[in-house]
Amino acid sequence: VKHVIRQFKEEDVICEEDYGMKMMHKPTLLRERCAKFSKDGEFELSNAMEKVYGEIEVWSQVHHENIVKMFELIESEGHDY
């Protein structure tokens, strides 16, 4: 996680906001395998990328003053990150 200060223009006023950035190497996440038991008790195989999507789903629903709010998800098929 990187700490970045982002400048953006909002109604002709330049604002500065602190935000965090998380970059992950997609080919590695797709290659890494993990096993888990489903809610039905069945053994399932998946990859680490599926775990990341689960984390994103939870993170986007959490609203707490001590947790960085998810602002945007950028995913590109043309890049590895």
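Just so we're clear, the structure is a prediction, and the values are computed from it rather than from any experiment.

Participant: Looking at this structure, how should I read the side chain of Asn47?
Facilitator: Relative to the elements of secondary structure, Asn47 occurs in strand β4 (residues 43-47). Side-chain polar atoms of Asn47 contact the backbone nitrogen of Met49, separated by 3.1 Å. Leaving out residues up to four positions away in the same chain, Asn47 has contacts with Leu29, Leu30, Glu32, Arg33 and Cys34.

Participant: Any chance you could explain a nonpolar patch on the surface here in plain terms?
Facilitator: A cluster of nonpolar residues, Phe37, Phe43 and Leu45, forms a patch on the protein surface that exposes about 410 Å² of accessible area. Checked against the element boundaries, Phe43 lands in strand β4.

Participant: What exactly am I supposed to notice about the pairing of β4 here?
Facilitator: Sheet faces and side chains relate simply in a regular strand, where the side chains alternate between the two faces. Of the strand pairs in this sheet, strand β3 (residues 33-37) and β4 are connected by 5 bridges, and their pairing is antiparallel. In the strand pairing of β4, Phe37 is matched with Phe43. Counting the residues in the hairpin turn of β3 and β4 gives 5 residues, including Gly41, whose phi is positive at 85°.

Participant: Sorry if this is basic, but what is going on with the nonpolar core here?
Facilitator: The tendency in soluble globular proteins is for nonpolar side chains to be buried as a group. If you look at the biggest cluster of nonpolar residues, it comprises 5 residues: Leu29, Ala48, Met49, Val52 and Ile56. Tallying contributions element by element places helix α2 (residues 48-61) first for this core, with 4 residues. Excluding residues within four positions of it along the chain, Ile56 makes contact with Met70 and Leu73.

Participant: Just checking my understanding: could you explain a negative patch on the surface for this structure?
Facilitator: Taken together, the side chains of Asp40, Glu42, Glu44 and Glu50 make up a negatively charged region of the molecular surface. Relative to the helices and strands, Glu44 resides in strand β4. Residue class for Glu44 comes out partly exposed when judged on its relative accessible area of 32%.

Parameters at a glance
- Residues numbered from 1 in each chain as written.
- Predicted model: local features only at pLDDT ≥ 70, side-chain atom pairs only at ≥ 80, totals over all residues.
- Heavy atoms only, no water.
- Helix = DSSP H or I, 4+ residues; strand = E, 2+ residues; numbered from the N terminus.
- Polar contact = N/O pair within 3.5 Å; in protein donor to acceptor, adjacent residues only side chain to side chain.
- Contact = heavy atoms within 4.5 Å.
- Patch = residues over 30% accessible without salt bridge, like charges linked within 9 Å, V, L, I, M, F, W, Y side chains within 5 Å.
- Areas by Shrake-Rupley, 256 points an atom, 1.4 Å probe, with all protein chains shown as cover.
- Salt bridge = Lys/Arg side-chain N within 4 Å of Asp/Glu carboxyl O.
- Pairing = 2+ DSSP bridges.
- Core = buried A, V, L, I, M, F, W, Y, C linked by side-chain atoms within 4.5 Å.
- Buried < 20%, exposed > 50% of the residue type's maximum accessible area, 1.4 Å probe, protein only.
- Lys, Arg positive; Asp, Glu negative; His and termini not counted.
- Charge placed at Lys NZ, Arg CZ, Asp CG, Glu CD.

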